[in-house]
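Residues per chain are reported as follows:
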Amino acid sequence: MHFAIIMKFVFVTVALFVATAANPTPEWTIPTDTELYIDATKCSMLNSNLPLDQMKMCNVKCVLEKGGFFDETNGFNVEHIVNVEMKSGRSESGARAVAEKCAVKKEAFESSCGWANRGLDCLRVESRELKRKEAKQSNMETDYSRN
């Protein structure tokens, strides 16, 4: 029961971040929903021996690694995040600001699983805020051009 819930949580969390993007570069491709689901399943099996909270965090890290968004040596791949954000309709400058803000360095006390989750949590919040900000700006420009 817990396995299915964890797997769905990991899949939905990462899929929400990359859902609307296409392939930004020939060397790297944004994973499809199917690939994310397969990765989430594999990651859940690999981490099944961990306590529930730690398993969730390590599953997220694992899926982010398999998708090319994170590695535990260098952290988040800013360029991949920028590409996903831009394919989701964000401006390049806004996407870069979000990626750089959230691609934070690992804290001395934190695990790589915690680091990946902290970054993804930031990306969810900041991406949503950027979308709202750019939509508001677009609406203001539209209203201004009507006058």
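As the structure is a computational prediction, the values presented were derived from the model and not from experiment.

Here's the deal with the overall build of the protein
No. 1: When helices and strands are counted, the protein shows six helices and two strands.
No. 2: Going residue by residue from the N terminus, the α and β elements of the protein occur as α-α-α-β-β-α-α-α.
No. 3: Considering the protein as a whole, with its 147 residues, one finds that 40% of them fall into the buried category.
No. 4: Taking the intrachain contacts of the protein between residues at least 6 apart in sequence as the baseline, contacts between residues at least 24 apart amount to 62%.
No. 5: If you sum the accessible surface of the protein, you get close to 8700 Å²; carbon and sulfur atoms cover 55% of it.

What to know about the state of the cysteines
No. 1: Per the counting criterion, the structure on display carries three disulfides.
No. 2: The disulfide partner of C43 is C62, and the gap between their sulfur atoms is 1.9 Å. Classification of the bridge connecting C43 and C62 rests on its S-S torsion, roughly -75°, and on that basis the disulfide is left-handed. Highlighted residues: C43 in helix α2 (residues 33-46) and C62 in helix α3 (residues 52-66), separated in sequence by 19 residues. There is no split in this pair, since C43 and C62 are both buried.
No. 3: Residue C58 pairs covalently with C113 via a disulfide, S to S 2.1 Å. Disulfide C58-C113: the torsion about the S-S bond is 105°, which places it as right-handed. Placement of the pair is C58 in helix α3 and C113 in helix α6 (residues 112-146), with a sequence separation of 55 residues.

Considerations on the packing of α2 against α3
No. 1: Where α2 meets α3, the axes come as close as 9 Å, and the angle between the chain directions of the two elements is 135°. Comparing their axes, α3 and α2 come out oblique. Relative to α3, the crossing made by α2 is right-handed. On α3, the residues touching L36, D39, A40, C43 and S44 of α2 are M55, N59, C62, V63 and K66.
No. 2: Across the contact of α2 with α3, the residue classes tally to six nonpolar, two polar and two charged.

Cut-offs and rules
- Residues numbered from 1 in each chain as written.
- Predicted model: local features only at pLDDT ≥ 70, side-chain atom pairs only at ≥ 80, totals over all residues.
- Heavy atoms only, no water.
- Helix = DSSP H or I, 4+ residues; strand = E, 2+ residues; numbered from the N terminus.
- Buried < 20%, exposed > 50% of the residue type's maximum accessible area, 1.4 Å probe, protein only.
- Contact = heavy atoms within 4.5 Å.
- Areas by Shrake-Rupley, 256 points an atom, 1.4 Å probe, with all protein chains shown as cover.
- Disulfide = S-S within 2.5 Å.
- Axes fitted to C-alpha atoms, helices over the stretch in contact; angles between N-to-C directions.
- Parallel < 35°, antiparallel > 145°, perpendicular 65-115°, else oblique.
- Left-handed = near helix turned anticlockwise from the far one by under 90°.
- Nonpolar A, V, L, I, M, F, W, Y, C, P; charged D, E, K, R; others polar.

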